[in-house]
Each structure stands twice: as structure tokens, then as C-alpha cells.
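# Examination of the molecular architecture
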Amino acid sequence: MQVPAQFEYERATSVGHALELLAKYGPEGRVIAGGHSLIPMMKLRLARPEALVDINELGELSRIEVVGGELRIGALVRHAELLGSAEAGRLFPILHDAERVVADPIVRNRGTVGGSLCQADPSEDLAAAFTAVRADAVVEGGTGTRVVPVREFFTGPYETAVGPGELLVQLRLPIRDGTGSAYAKVGRRAGDWAIAAAGASLRLDGDVIVEAGLGLTAVGAPHFVAAEAEDFLRDGPATPERFTEAGTIAAAHCSPAADQRGPADYKRHLVAQLTARALHQAHARRAG
């Protein structure tokens, strides 16, 4: 059946109004922005919300700005808007890398950054990118605002730390000197979900890695993080040999599943190669 079950529809006029509507409908209410993930699930009746709260008019959630040493990205920012932001690309090239390979122009023009993260698909591109740069998610609810590290935001496949009656409103990315970032992905065709992908962020003092961030997608990495490879890189020199070894470590500690996109050993091979490739590119961007 390709027709959604019956539901109520409400259009929010402010963040406060959206929270009131979510409180009104409780756990059976769902937020809709771009709708590219939710609507297909509703058509297949894999999701059957009793009410949809439309937040498309909330302009305060559509800003990209630098405030207090952070790049702040509203949850309602469209993929195409983030891709078109010269400032975001200059500060965090990984975001443009990832956005270029998110689906197709139709989806990028309508889909939102916040919607992608809240969907928490195990093959989501932006999840690995925001994980690599250690972003924070700002969540508002009836009891106030809380800040959740993106590395704690994803609690499982299609599950996040956003609770009933809460709304993801913003992503905050700390801006630090001496940092470079990159994202590398392999899919079966342009715009497809990843077979495997890796995001990398490096902060250096001279040629010593002060901080390394590695995000993996589609390969069963807990919370999208390659923690063991990050530990290996930290406080060591930024050399091609160490980048290759970090890729090997990342591949050894993820848990890819064999499926229509390929066997597990092939995906591990991709993790090793893509991690090293992203690290090389991140280092080159920092050095340049």
C-alpha cells in the first residue's frame, strides 16, 4: 500500500509553538520539514504518526552564522543552502564534501540538515561528517534547552537523543586554528547511500596531531565514531604511514553487515582506504 494512514496536520509558527504542538500530540506526533525520509515511510506504513507538525516556516532555524567561535547551522537549513555557503565550506570543507554526495539536487533543495540527523539512518552522510568535527546538537523542549555532543546524539539505528516533545534546533561546530577536514565515500551510483564512507578532521600543532576526529558511515561503527583510530593518531606525527595504519585500525573495529551493497570484507577494505584518503585530504587542506 502506497497511501499513508490518516493523520492530523498542524503548521508551527515559532519554535515555542512547535513545542506546544508536540506536547499536545505526545509521542504520536512527528515533525516534518523536508519530508524525504518520513513521507516514504508513511506511504509504506512503516511510520504511522497521528499528527504531523510542519516547521517549514520557522525562519530562525534556517540560519548559517559564526557566533562566539562556532559555526552555527540551523536545523532547517537545506542541504543545498549548506553546500552553497562559502563560509561553511571555508571553515569546514568536510561539509561541502559530504553535501555534494547527498542524494540528488531535488533532495538537496528540499531536505534539511536537521531532518537527516534526526532520521539517524545508519548510512547517513552528515552523521559521519558532524561526528568527525565533534559538533554539538542543540535540543529544545518544554523544560528548556540542552546541548548534546553529536557523538552522543545517535543512540541506535533510527534512534536519537531527541526525546518526546523535543526539537533539534541547531548544530554548533567549534572553530579551531590549525584544522583541516575531508569526507570520502563510495556508493554503487551517484546519489546512492554509501557502501562505506569516512570523514576526517585533524588539528595540528606543527606536524603533531593534537586532535583527530574520524566518522564512519554504513559500516556499523558505534555512534559513527572510529575511536580506536583516533586514539592511535593523537599526539603522533601526521605522516602517510600513520594515516594508512589508522585506516587499518578503523577497519578492524567496525562491524559492517553483508548486504546487497557488498560483503563485509569488501566494506572493511573500503573503510581502510577511505579513512586514509580522508586523512590525507584533511592534512593537505590544513597544510595549504
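The structure this text deals with has already been given above.
A brief look at the structure comes next.

### Digging into the pattern of salt bridges
The full count for this structure, using the stated rule, is 17 salt bridges. Between Arg188 and Asp192 there is a salt bridge, and its shortest N-O distance comes to 3.1 Å. Taking the relative accessible area as the measure of exposure, Arg188 reaches 39% and is therefore partly exposed. By sharing partners, the salt bridges in this structure join Arg188, Arg189, Asp192 and Arg261 into a single network.

### A few points about the packing of aromatic side chains
All told, the structure shown has 2 aromatic pairs when counted by the stated rule. Between Phe153 and Phe154, the ring centres sit 5.3 Å apart and the planes meet at 90°, which makes this aromatic pair edge-to-face. Phe154 matches Phe153 in its accessibility class, with the two residues each being buried. Ring geometry for Phe154 and Phe224: centres 4.9 Å apart, planes at 65°, overall edge-to-face. One end of the pair, Phe154, is in strand β8 (residues 154-156); the other, Phe224, is in the loop between β13 (208-217) and α10 (227-233), with 70 residues separating them in the sequence. Assessed through its relative accessible area of 2%, Phe154 is described here as buried. In this structure an aromatic cluster arises from ring pairing among Phe153, Phe154 and Phe224. Just above the ring of Phe232 sits the side chain of Arg242; from NZ or CZ to the centre is 4.4 Å.

Rules used throughout
In this numbering scheme, every chain counts its residues from 1 along its sequence in written order. In view of the model being predicted, local features appear only for residues whose pLDDT reaches at least 70, and side-chain atom pairs are presented and counted only at 80 or more, with totals across whole chains, interfaces and linings using the full set of residues. For side-chain calculations, the full set of non-hydrogen atoms in the structure is used, while hydrogens and water are omitted. Salt bridges are counted wherever a side-chain nitrogen of Lys or Arg sits within 4 Å of a carboxyl oxygen of Asp or Glu. Relative accessibility thresholds used throughout: buried, under 20% of the residue-type maximum; exposed, over 50%; partly exposed, between the two (1.4 Å probe, protein chains only). Whether two aromatic rings pair depends on their centres lying within 6.5 Å, for rings of Phe, Tyr and Trp, where Trp uses its six-membered ring; planes under 30 degrees apart make the pair stacked, over 60 edge-to-face, and the rest tilted. Elements are defined by DSSP. Helices are runs of H or I of four residues or more, strands are runs of E of two residues or more, and each kind is numbered from the N terminus. By definition, being over a ring means that NZ of Lys or CZ of Arg is both within 6 Å of the ring centre and within 35 degrees of the ring normal.

So, to be careful, I would describe these as geometric facts and stop short of saying anything about function.
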